[in-house]
Amino acid sequence: MATEEKKDKKKKEKITYIDDGRSFADMSNVSGGFGKFGPGTTSSFKDIWETYWSAVKMMFKPMLVVIGFLCVIFGIAALAFLIM
């Protein structure tokens, strides 16, 4: 049974990649995405502004925590170098 399965399987096509020395890929023939003048947002400036400020308000406390943590680490490092 195992020999029958091996005979029935087709060999996979081997993919050959050619390095032409370019540092970036040629994406000129890729379709899709937005063009230079693609469809923008239908939201008003007021909606965008409210969304921005709600995100800023949501991240204000975590930002203060991170800044406080960095200040504590810096203070410990400064004291360690002053004691030496």
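In the block above lies the structure referred to throughout.
Residues numbered from 1 in each chain as written. Predicted model: local features only at pLDDT ≥ 70, side-chain atom pairs only at ≥ 80, totals over all residues. Heavy atoms only, no water.

A.B. asks: Quick one: what's the story with the overall build of the protein, residue by residue and with numbers?
C.D. replies: A count of helices and strands for the protein gives two helices and zero strands. Within the protein, buried positions represent 0% of all 84 residues. When the accessible surface of the protein is totalled, it reaches about 9,300 Å², and 66% of it is carbon and sulfur. (Helix = DSSP H or I, 4+ residues; strand = E, 2+ residues; numbered from the N terminus. Buried < 20%, exposed > 50% of the residue type's maximum accessible area, 1.4 Å probe, protein only. Areas by Shrake-Rupley, 256 points an atom, 1.4 Å probe, with all protein chains shown as cover.)

A.B. asks: Describe helix 2 (residues 45-83), listing the residues and the values that go with them.
C.D. replies: Taking 1.5 Å per residue as the helical rise, helix 2 with its 39 residues ought to reach 57 Å, and the 55 Å between its terminal C-alpha atoms agrees with that figure. At Phe60, helix 2 shows its largest bend, some 40 degrees, and a proline, Pro62, comes one to four positions later. (Expected span 1.5 Å × (residues − 1). Bend = angle between axes of the 7 residues up to and from the residue.)

A.B. asks: Can you explain the packing of aromatic side chains? Please cite residues and give values.
C.D. replies: A complete count under the given rule lists four aromatic pairs for this structure. Aromatic side chains Trp49 and Tyr52 sit 5.8 Å apart centroid to centroid with 35 degrees between the ring planes, which places their arrangement in the tilted category. Highlighted residues: Trp49 and Tyr52, both in helix 2, separated by three residues, approximately one helical turn. Judged by relative accessible area, Trp49 falls into the partly exposed class, the value being 44%. Of the residues examined, Tyr52 reaches a relative accessible area of 47% and is grouped as partly exposed. Centroid distance Trp49 to Trp53: 5.7 Å. Interplanar angle 75 degrees. Geometry classified as edge-to-face. Here Trp49 and its partner Trp53 are both found in helix 2, four residues apart, which amounts to about one turn of the helix. (Phe/Tyr/Trp six-rings, centres within 6.5 Å; stacked < 30°, edge-to-face > 60°.)

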